[in-house]
Amino acid sequence: MEHAEWARELAEHFLREPLPRRWAHTQGVAARAVSLTPILGEHADLLITAAWLHDIGYAPDLVDTGFHPLDGARYLRDVQRVDDTLCGLVAYHSGAINEARERGLIDLLTAEFREGRPELAEALIYCDITTGPNGERFTVHERLAEICARYGPGDLVTRVIGINESLLLAAVASVEAALADVR
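Residues numbered from 1 in each chain as written. Predicted model: local features only at pLDDT ≥ 70, side-chain atom pairs only at ≥ 80, totals over all residues. Heavy atoms only, no water.

Draft legend 1. Local environment of the overall build of the protein chain. Helix and strand content of the protein chain: 11 helices and zero strands. The C-alpha radius of gyration computed for the protein chain amounts to 15 Å, which stays within 12% of the reference 16 Å derived for 183 residues, consistent with globular compactness. Projected onto the principal axes, the alpha-carbon positions of the protein chain cover approximately 45 × 40 × 30 Å. Within the protein chain, the fraction of its 183 residues that count as buried is 50%. By sequence separation, contacts in the protein chain at least 24 residues apart represent 67% of the contacts at least 6 residues apart. Surface accessibility of the protein chain: about 8600 Å² in total, with carbon and sulfur atoms responsible for 51%. (Helix = DSSP H or I, 4+ residues; strand = E, 2+ residues; numbered from the N terminus. Rg over C-alpha atoms; globule rule 2.2 N^0.38 Å. Buried < 20%, exposed > 50% of the residue type's maximum accessible area, 1.4 Å probe, protein only. Contact = heavy atoms within 4.5 Å. Areas by Shrake-Rupley, 256 points an atom, 1.4 Å probe, with all protein chains shown as cover.)

Here's what the structure looks like:
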């Protein structure tokens, strides 16, 4: 858990004061990641680390493009010098590739980062999309509805949720099935 503790401290530094609600969400996502340890084994620390860092790009000090997965992954790569796998998990989390396409940032994202391991990407989707904005547990349907209500019907984020819905639902179903198998 050495990497996860470092990631928690880094996320807390950047999110706690300026973005307390985002910090609460991040804590909830990390707690969900810890709950997946039985199905991830040796990869649990990497997932927990990614969970702590997945929204770090929202930090006001790190905003560059305004697209938090890319801004966060760039900071992790350029300043923290973390490995490509972790950067890829942050850069592509929760269907970010489709949002990058909608924002006109797809070329930057794909030129700079590679997608992470599929099973870890799915697990990170599960953690993110089943955690509410205040860190509470949500079903995937509750979370999708909450995001769409928060951003509104005409917003780009709402449009991307529609594009990503089948991906998000499939990832959650896959992780829930894996969890059921170990119980």
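More follows now that the structure is in view.
Draft legend 2. Summary view of helix H10 (residues 140–151). Taking 1.5 Å of rise per residue, the 12 residues of H10 would be expected to cover 16 Å, and the 17 Å separating its terminal C-alpha atoms lies within 8% of that figure. Those residues of H10 that fall on the buried side of the exposure criterion are Val 140, Arg 143, Leu 144, Glu 146 and Ile 147. The buried residues of H10 all sit within an arc of 160° when viewed along its axis, so they share a single face. Projecting away from the buried face of H10 at angles above 90 degrees are the exposed residues His 141 and Ala 149. Those residues of H10 hidden inside the fold are in contact with helix H2 (20–35), helix H9 (118–129) and helix H11 (156–182). Following H10 by one or two positions, Gly 152 adopts a phi angle in the positive range, close to 95°. (Expected span 1.5 Å × (residues − 1). Arc of directions from axis to C-beta.)

Draft legend 3. Just the layout of surface pockets, in detail. For the largest pocket, the calculated volume is near 410 Å³. In terms of lining, the largest pocket is formed by 26 residues, of which the most central are Tyr 58, His 68, Glu 99, Ile 147 and Val 157. Of all the elements in the fold, those that place two or more residues in the lining of the largest pocket are H2, helix H5 (68–78), helix H7 (96–103), H9, H10 and H11. At five residues, H11 tops the list of elements feeding residues into the lining of the largest pocket. Its residues assigned to classes, the lining of the largest pocket shows 11 nonpolar, seven polar and eight charged. Lining the second largest pocket are 18 residues, and of these Tyr 92, Glu 115, Ala 121, Ile 125 and Leu 167 lie nearest its centre. Only helix H6 (84–91), H7, H9 and H11 provide two or more residues apiece to the lining of the second largest pocket. The greatest single-element share of the lining of the second largest pocket, amounting to four residues, is contributed by H9. (1 Å grid on protein atoms, 1.4 Å probe; cavity = no way out; pocket = protein on both sides within 12 Å on 5 of 7 lines; lining within 4 Å. Points joined across faces, edges and corners; volume = space filled by probe spheres on them. Nonpolar A, V, L, I, M, F, W, Y, C, P; charged D, E, K, R; others polar.)

Draft legend 4. Fine view of helix H1 (residues 2–15). With 14 residues, H1 should reach 20 Å at 1.5 Å per residue; the first-to-last C-alpha distance of 20 Å fits that figure. Within the span of H1, buried status applies to Ala 4, Ala 7, Leu 10, Ala 11, Phe 14 and Leu 15. With its buried residues spanning 125° around the axis, H1 presents them on a single face. Structural note: H1 exposes Glu 2 and His 13 on the side pointing more than 90 degrees away from its buried face. Buried residues in H1 make contact with H2, helix H4 (44–53) and H5.

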